[in-house]
Amino acid sequence: MKKNRVYFNKKSRLTLYPEVDSSTDSSLSTFDASTIKSRLPGLLTVQNDFFPCFDWVFPPPLLNKSEPPEGADVLFSQASVIPGRYSIYLHSPFCKSLCSFCYYAIIPGKGIDLANQYIDHLIKEMQMYSQTFRGQICESVYFGGGTPSYLDNNNIKRIFESLYQYFNIEDDAEITIEAAPGTLPVDKLQLLHSLGVNRLSYGIQTLDEDLLSSMNRDYSVKEAMSELSHALEIIGNVNVDTMYGFAGEADDTLLNTLSKFKKLGIPSFSIYALDTQRTETKLELIPPKDDTYKNKIQQFARAEELLMSWGYQAVLQNVFIDPQRASYRHQLRRWDNLPLLAMGINAQGYAPQRSYHNVGSLKSYFQLIDENRLPVASIDELSAELELCRELTSKLRFTFVSIDEIKYKYGINIDKVFEHLIVSLEELGYLSFEEGIIRMTAQSAYYNNIIPMLFAPDSFKQQLLGLPEEYLENFPVPYIMTQLGRAQSCEFNLPDTRNEMKTDRRVSWDRRQKTIIYSNTVNRRKNIGRRASDNITHWSATNNV
C-alpha cells in the first residue's frame with residue numbers, strides 16, 4: 001500500500017488517499033434493530049481517538065472527488081438550502097514562526113516578503129467570484145491563517161477595502177480576524193476596528209512559560225496580556241484559543257490559564273486538545289492512537305465545569321462564550337450548510353452539494369490566478385442525501401440535531417430514516433432524544449468522533465467497502481461504519497422539487513441564534529464532561545424569513 005492519509009476524517013500532513021474499488025462485489029449486511037443494538041458496544045470499543053477533534057468533517061474527503069470547475073458560476077451552480085446568503089473565509093499563510101504543533105499551510109519568518117504579491121492575487125480571486133455572488137448577502141467573514149495580523153497595516157487595509165468593494169457585506173456581519181501575540185500594536189487594533197472587524201480570535205494556547213518554550217512560540221506572556229487588554233478596549237469581542245494535553249503538563253495548568261484570562265475579562269474561549277499525531281510523518285499503515293485521550297477527556301471536563309460555573313455558555317462543544325459580550329456565528333452557520341466562499345491558498349469552502357479545497361502552494365496559486373482560473377485543487381461532490389447528512393452528522397458532533405429543523409429544510413423525518421439506530425444508541429445511553437432534539441450524552445465521550453459517522457447514508461457506507469481490505473481492517477472509523485451494516489430503517493425519499501423547497505425554507509441566522517444563544521432560563525446540564533451545548537432546549541421555526 002502506498003503512503004496514505006492516516007486520518008479518515010481529519011486533516012494531516014499526508015495527502016494521498018487509498019484507492020477505492022467501485023466494482024467491489026461486497027455489500028453491507030442487513031440487521032434488525034435488536035442486532036444493531038447488540039453489535040454497537042463491541043464495535044465502538046474499537047474507537048480510540050483524541051478528544052475533542054475540532055476539525056472533524058463529514059463526509060470524509062475520500063470519495064466522490066471531481067476535477068476543478070471551469071468557473072465560479074459552475075462551482076456554485078447548485079441551489080442552496082439557505083438561498084441568497086453566504087459567508088466568506090480568507091486565508092493568509094504568513095506567520096512569525098512555525099509552532100511545533102501546527103500542521104496548517106503556513107509560510108513562517110521571512111516568507112512575509114511575499115505578502116504584497118500574495119495579497120495582489122487574493123484580491124484577483126475576489127474579483128473572480130464577485131459576479132457570482134452579486135445580489136447575495138454575506139453574513140460573516142473569517143480571516144484566518146497563518147496569522148493575518150502579521151500582515152502590515154497597508155495590506156490589511158487593501159484586503160478589507162476589496163472585500164467591501166466586491167461583496168455585499170451585511171451591516172451587522174460578524175467579521176473575525178485571527179491574531180497571535182506580538183502582532184497587535186495599538187495602531188493595528190484601531191485600524192482593524194475602523195475596517196469593521198468586530199471579533200478577534202487570539203491564539204495564545206497557554207500562559208505557562210515552560211510549555212511555551214517547547215512550542216516555538218515567539219512571545220512573552222506579559223506582552224500577550226498587554227495586547228489582549230488593548231484588544232478588549234478597542235474590539236471587545238475577543239476569543240482566546242487555549243490548548244491542553246502537553247507532555248509534562250500539570251493537571252491544573254489549563255484551569256490556571258483560564259482563570260487568568262477570565263480575570264482579564266475575556267468573553268470567549270476555544271479549548272483544543274494538542275494532537276501531535278497529525279504532525280508526525282508515517283510511512284506505515286498505523287491507525288491513529290492517543291494513549292492520553294482518557295486523561296484529555298477529564299481535563300476538558302474540568303475546564304468545562306469551571307467555565308459554566310462562571311456563566312459561560314457553549315456555542316460549540318469546545319467554544320464557550322459570554323453571550324452578552326461575545327459571538328461565534330461564522331462557525332455555527334457552517335453546520336447549517338450555509339455556502340462558504342473560501343479564498344487563499346489551502347482554503348476550504350462549501351458550495352451547495354460541493355466541498356472544495358484550494359491549492360496549497362504559492363506557485364500553483366499564483367499561476368492559476370494569473371491564468372484567470374479558480375485556484376481550486378479538488379472538489380468533493382455530495383449527493384442530496386450526503387448534503388443532508390453533512391448537516392445532521394456535524395450538528396450531532398458539535399451541537400445538537402433538531403428533527404423539526406431538518407424536516408423544515410429538507411422535507412425528511414430523520415427520526416424515521418434512522419429510527420433503529422437512534423433507538424439503539426438511546427437505549428445504550430449514548431444519545432438522548434427529548435422534545436425533538438437529539439444529542440450525544442456524557443457517556444458517549446469516548447466515542448464522539450465515530451457515533452455521528454454512523455448516520456451516514458447506507459449508499460455511502462457501501463462505497464467504503466471498495467477501500468483496500470487492510471485499510472478497512474486497521475482503521476476504526478471506516479471499519480465500524482461498514483461492520484455495523486445498514487443503519488437506515490427506510491429510504492430518504494428526498495423531495496424532487498428541491499429548488500422550490502429551498503426557496504421557501506430558508507433558515508436564517510436569527511432563528512438559529514435563538515436556539516444557540518439561549519436565555520438565562522435554560523437548565524444546566526446534569527452530566528458535565530461531554531458538551532456544554534446540551535443546555536440547548538429546542539429549535540423554533542418562528543421568525544422565518
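Look above for the structure.
Read on for a plain summary of the structure. (Residues numbered from 1 in each chain as written. Predicted model: local features only at pLDDT ≥ 70, side-chain atom pairs only at ≥ 80, totals over all residues. Heavy atoms only, no water.)

## Notes on the overall build of the protein chain
Stage number 1. Looking only at helices and strands, the protein chain features 20 helices and 18 strands.
Stage number 2. Burial analysis of the protein chain (545 residues in total) assigns 60% to the buried set.
Stage number 3. Within the protein chain, contacts between residues separated by at least 24 positions form 78% of all contacts whose residues are at least 6 apart in sequence. (Helix = DSSP H or I, 4+ residues; strand = E, 2+ residues; numbered from the N terminus. Buried < 20%, exposed > 50% of the residue type's maximum accessible area, 1.4 Å probe, protein only. Contact = heavy atoms within 4.5 Å.)

## A word on the packing of aromatic side chains
In this description, an aromatic ring pair is defined by two values, namely the gap between the centres and the angle between the planes.
Stage number 1. Using the criterion set out here, one finds 19 aromatic pairs in the structure.
Stage number 2. Ring centres of Tyr244 and Phe300 lie 6.5 Å apart, and the angle between their planes is 40 degrees; this geometry places the pair in the tilted category. On the criterion of sequence distance, the pair formed by Tyr244 in strand S8 (residues 238–244) and Phe300 in helix H9 (residues 293–309) is long-range, its members being 56 residues apart. Here Tyr244 matches Phe300 in class, with each residue buried.
Stage number 3. Centre to centre, the rings of Phe418 and Phe455 are 5.2 Å apart; their planes meet at 65 degrees, and the pair counts as edge-to-face. Placement of the pair is Phe418 in the loop between helix H14 (414–417) and helix H15 (419–427) and Phe455 in the loop between strand S18 (437–440) and helix H16 (458–464), with a sequence separation of 37 residues. Grouping residues by exposure puts Phe418 and Phe455 together as buried.
Stage number 4. Pairwise contacts between aromatic rings join Phe76, Tyr86, Tyr129, Phe133 and Tyr356 into one cluster. (Phe/Tyr/Trp six-rings, centres within 6.5 Å; stacked < 30°, edge-to-face > 60°.)

## What to know about the environment of Glu426
Stage number 1. As for its placement among the helices and strands, Glu426 is situated in helix H15.
Stage number 2. Accessibility expressed as a relative area gives 34% for Glu426, which makes it partly exposed.
Stage number 3. Taking the C-alpha atoms as reference, Glu426 lies 9.7 Å from Arg439; in sequence the two are 13 residues apart.
Stage number 4. Discounting residues that sit within four places of it in the chain, Glu426 has contacts with Leu431 and Phe433.

## Concerning unusual backbone geometry
Stage number 1. For the bond running from Gly145 to Gly146, omega is 20 degrees, close enough to zero to count as cis.
Stage number 2. Along the chain, Gly146 falls in the loop between strand S5 (137–145) and helix H4 (153–166).
Stage number 3. Even without being a glycine, Asn372 presents a positive backbone phi close to 60 degrees.
Stage number 4. Here Asn372 lies in the loop between helix H11 (362–370) and strand S15 (376–381).
Stage number 5. Even without glycine at this site, Glu435 takes up a positive phi of about 50 degrees.

## Here we look at the pairing of strand S17 (residues 431–434)
Stage number 1. As defined by bridge partners, S17 adjoins S18 across 4 bridges and the pair is classed as antiparallel. Pairing of Leu431 across the sheet is with Met440, part of S18.
Stage number 2. Connecting S17 to the next strand, S18, in antiparallel fashion are 2 residues, including Glu435 with a positive phi near 50 degrees. (Pairing = 2+ DSSP bridges.)

## Concerning the nonpolar core
Stage number 1. The biggest cluster of nonpolar side chains holds 139 residues, and the ones touching the most others in it are Ile88, Tyr129 and Phe167.
Stage number 2. Sorting elements by how many residues they give to this core places helix H3 (residues 115–130) first, with 8 residues.
Stage number 3. Ignoring sequence-local partners within four residues, the contact set of Ile88 consists of Cys138, Ser140, Val141, Tyr142, Leu163, Phe167, Ile169, His330, Leu340, Leu341 and Met343. (Core = buried A, V, L, I, M, F, W, Y, C linked by side-chain atoms within 4.5 Å.)

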